Amino acid sequence: MLEGQAPFEDASEHKGFVVIALVDYGAGNLTSVRKALAAIGAHAWTPTVAGELGRAHGIIVPGVGHFDSTRALTTEWRTAIRTMVDDGVPLLGICVGLQWLFEGSTEAPDVEGLSLFKGTCHIFTEHVNGRLKVPHVGWNSLSMPRQTRLMAGVKEGSQVYFTHSYAAPVVDDTAATCDYGVRFSAAVERGNVAGVQFHPEKSGDVGLRILSNWIADAV
Amino acid sequence: MLSKRIIACLDVRDGKVVKGVNFEGLRDAGDPAALAKRYNVEGIDEIVILDVTATLESRQARAHTIAAVAHEIFLPLCVGGGIRTEDDAAAAIEAGADKVSLNTAALNNPDLITTLAKRYGSQAVIIAVDAKREGDRFAVYARSGQAGTNRDAIEWAREATDRGAGEILLTSIDRDGTKIGFDCEMTAAVSDAVNIPVIASGGAGTFEHFAEVFGAGHADAALAASIFHFQERSVRELKAFLAERNVPIRR
């Protein structure tokens, strides 16, 4: 689905009906994401086996921490997620989850990403060279290079909460960029696949808006 | 541009905010969740719950407080005070905290930093360093400033970073409660020594003090409680002031 083809739907239309699979691969705690989804009227559950993904209206791959932890997303999970994406189910990667949608990360060179977006994630120190602290922690502003469903209604310069050391390059599918010594992909969107490097569940009203935008596609 | 963060500290005991709170129109001033909600509306960037009680019964009360605050705000939430073991940290995070702050426990058992960083990621582990000037060094104290440790704040901050800490919360014991300003010299010394964010604490009395600690103090964030509580000055006013001084902040 290309941008502009689908009318913006309010998430509240689906209140109580949207079921989101929150993929737990052991990368940090999912309480915040679950809570934010509840606040916008979605129910999140954590599938224990890849086969359970079939009943999801949308899939979120969250995560903080090391790219190596995505190793737990075995071929079975990768195949199930790809199949769902091919069926049009919305997929959202958050933080390391966004990085995993790319081809890989120098943080764990032998672990493959899902390769839905081109490019490899690199650590900030390769760019900022000691001028800025790493990790990049705190509120930083977004710039939108094009219109996307994910970032609909989010004003240029809006600030969101980041905490990460590795970042994805800016690509054609970038939906929002952020600058921290180097410009990187803060959000990506292509069709029903999206990712955010920041934490929408920790980014106040702006973050909830972005999650609502994404949920609107999950039916 | 990355913003300088303004962090509000809620001192909680048995589920109630214990420091004086003077928000106009706030009915239950001692309710941490109501206060956090108010701070959120005011534009606070982050909340720290400092729960000084640490008995077994109070652990449940703390979990309840964390859950209540986490329910009200979608901002980074840190919990400190009485986090002594991996289980304490796990309980706080399970209840909805994004980060835990370790102080005495990390001094007694530095391996705990690594253990928690491996389990939850470095971003979830804040090391609180309470330091006091002694001659030309900054001496680290444990047990809420009561016990000396023979550790130097700069060296300890470096070690904590190497062990996996994600941020340093640096409190000046000399300045705490004085309202004469942050210890900018100490903050800059620690901030320059590590490559992780440093949160300055202790001594905030005026808006100017925040501008100083973000400038000369090289602080990445500043934490305060009483300036917002006692003086009825709002976070919004502070941010307007800092914006005028060209300090990058979130508005």
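Keep in mind that what you see is a predicted model, and the values were worked out from it rather than measured.

1. What about the overall build of chain A?
Tallying secondary structure elements over chain A gives five helices and twelve strands in all. Per-residue burial for chain A yields a buried fraction of 53% across its 219 residues. Within chain A, contacts between residues at least 6 apart in sequence are counted, and of these 68% link residues at least 24 apart.

2. Brief notes about the nonpolar core
Residues Leu10, Ile47, Val100, Val129, Ile168, Ile199 and Ala222 of chain B are the most contacted members of the largest nonpolar core, which totals 152 residues. Once you skip the residues sitting within four places of it in the chain, Ala222 of chain B turns out to touch Ile6, Ile7, Phe182, Ile199, Ala200, Ala204, Phe210, Val213 and Phe214 of chain B.

3. Description of the interface of chain B and chain A
With 23 residues of chain B at the contact, the number on the chain A side is 27 residues. For the side of chain B that touches chain A, the residue count by class is ten nonpolar, six polar and seven charged.

4. Some points on the environment of His66 of chain A
With respect to the element layout, His66 of chain A can be found in the loop between strand S3 (58-61) and helix H2 (75-86). As for His66 of chain A and Ala216 of chain A, which are separated by 150 residues in sequence, their C-alpha atoms are 30 Å apart.

5. Concerning the pairing of strand S2 (residues 42-45) of chain A
Residue and element names in this part refer to chain A. Alternating positions in S2 separate cleanly, Ala42 and Ala44 being buried on one face and His43 and Trp45 remaining unburied on the opposite face. Pairing geometry for strand S1 (residues 18-22) and S2, over four bridges, is parallel. Looking across to S2, one finds that Val18 is bridged to Ala42.

6. Points about the sheet that holds S1 of chain A
In any sheet, the strands associate via hydrogen bonds between backbone groups, in a parallel or an antiparallel arrangement. All names here are of chain A. Taken together, the seven strands give an open sheet; going across it, the order is S2-S1-S3-S4-S12-S11-S10, and neighbouring strands pair in mixed fashion. Every other strand in the sheet has two partners, leaving S2 and strand S10 (174-179) as the edge strands with one partner each. Averaged over neighbouring strand pairs, the angle between their axes works out to 25 degrees when direction is ignored. Bridge analysis of strand S4 (residues 91-94) against strand S12 (residues 193-196) gives four bridges, and the strand direction is parallel. Its bridge partner being in S12, Leu91 is matched across the sheet by Val193.

7. Things to note about the sheet that holds strand S5 (residues 104-105) of chain A
All names here are of chain A. If you walk across this open sheet you meet the three strands as S5-S6-S9, and the pairing is mixed. Here the strands that pair on one side only, and so sit at the sheet edges, are S5 and strand S9 (166-167). Relative to strand S6 (residues 120-123), S5 is paired through two bridges, and the arrangement is parallel. Across the sheet, Gly104 pairs through a bridge with Thr120, a residue of S6.

8. Some thoughts on the environment of Leu116 of chain A
Of note, Leu116 of chain A is situated in the loop between S5 and S6. In contact with Leu116 of chain A, other than residues within four places in its own chain, are Leu101 and Val193 of chain A.

9. Details of the packing of helix H8 (residues 207-215) of chain B against helix H10 (residues 235-244) of chain B
Residues and elements named next belong to chain B. At a closest axis distance of 10 Å, the pairing of H8 and H10 adopts a crossing angle of 50 degrees. Judged by the angle between their axes, H8 and H10 are oblique. Every pair of crossing elements has a handedness; the one defined by H8 and H10 is right-handed. For the pair H8 and H10, the contacting residues are Phe207, Phe210 and Ala211 in the first and Leu238, Phe241 and Leu242 in the second.

10. Notes on helix H5 (residues 111-120) of chain B
Residue and element names in this part refer to chain B. Those residues of H5 that sit buried are Leu112, Ile113, Leu116 and Tyr120. Axial view of H5: buried residues confined to an arc of 105 degrees, hence all on one face. Where H5 is buried, its residues meet helix H3 (86-95), strand S5 (99-102), helix H4 (104-108), strand S6 (125-134) and helix H6 (153-163).

11. Concerning unusual backbone geometry
If a residue is not glycine, its phi is most likely negative; likewise, a peptide bond is most likely trans. Residue Pro135 of chain A is reached from Val134 of chain A by a cis peptide bond, and omega for that bond is 10 degrees. Relative to the elements of secondary structure, Pro135 of chain A occurs in the loop between helix H4 (125-128) and strand S7 (136-141). In the Ramachandran plot, Lys179 of chain B falls in the positive-phi region, its phi being about 60 degrees despite a non-glycine side chain. Mapped onto the fold, Lys179 of chain B is located in the loop between strand S9 (167-172) and helix H7 (184-193). Residue Lys179 of chain B is classed as partly exposed on the basis of its C-beta count, with 15 C-beta atoms lying within 10 Å. At His218 of chain B, a position not held by glycine, the phi torsion is positive, near 50 degrees.

What counts, and at which threshold
Residues numbered from 1 in each chain as written. Chains lettered and ligands numbered in written order. Predicted model: local features only at pLDDT ≥ 70, side-chain atom pairs only at ≥ 80, totals over all residues. Helix = DSSP H or I, 4+ residues; strand = E, 2+ residues; numbered from the N terminus. Buried ≥ 20, exposed ≤ 12 C-beta atoms within 10 Å, placed from the backbone. Contact = placed C-beta atoms within 7 Å. Core = buried A, V, L, I, M, F, W, Y, C linked by C-beta atoms within 7 Å. Nonpolar A, V, L, I, M, F, W, Y, C, P; charged D, E, K, R; others polar. Pairing = 2+ DSSP bridges. Axes fitted to C-alpha atoms, helices over the stretch in contact; angles between N-to-C directions. Parallel < 35°, antiparallel > 145°, perpendicular 65-115°, else oblique. Left-handed = near helix turned anticlockwise from the far one by under 90°. Arc of directions from axis to C-beta.

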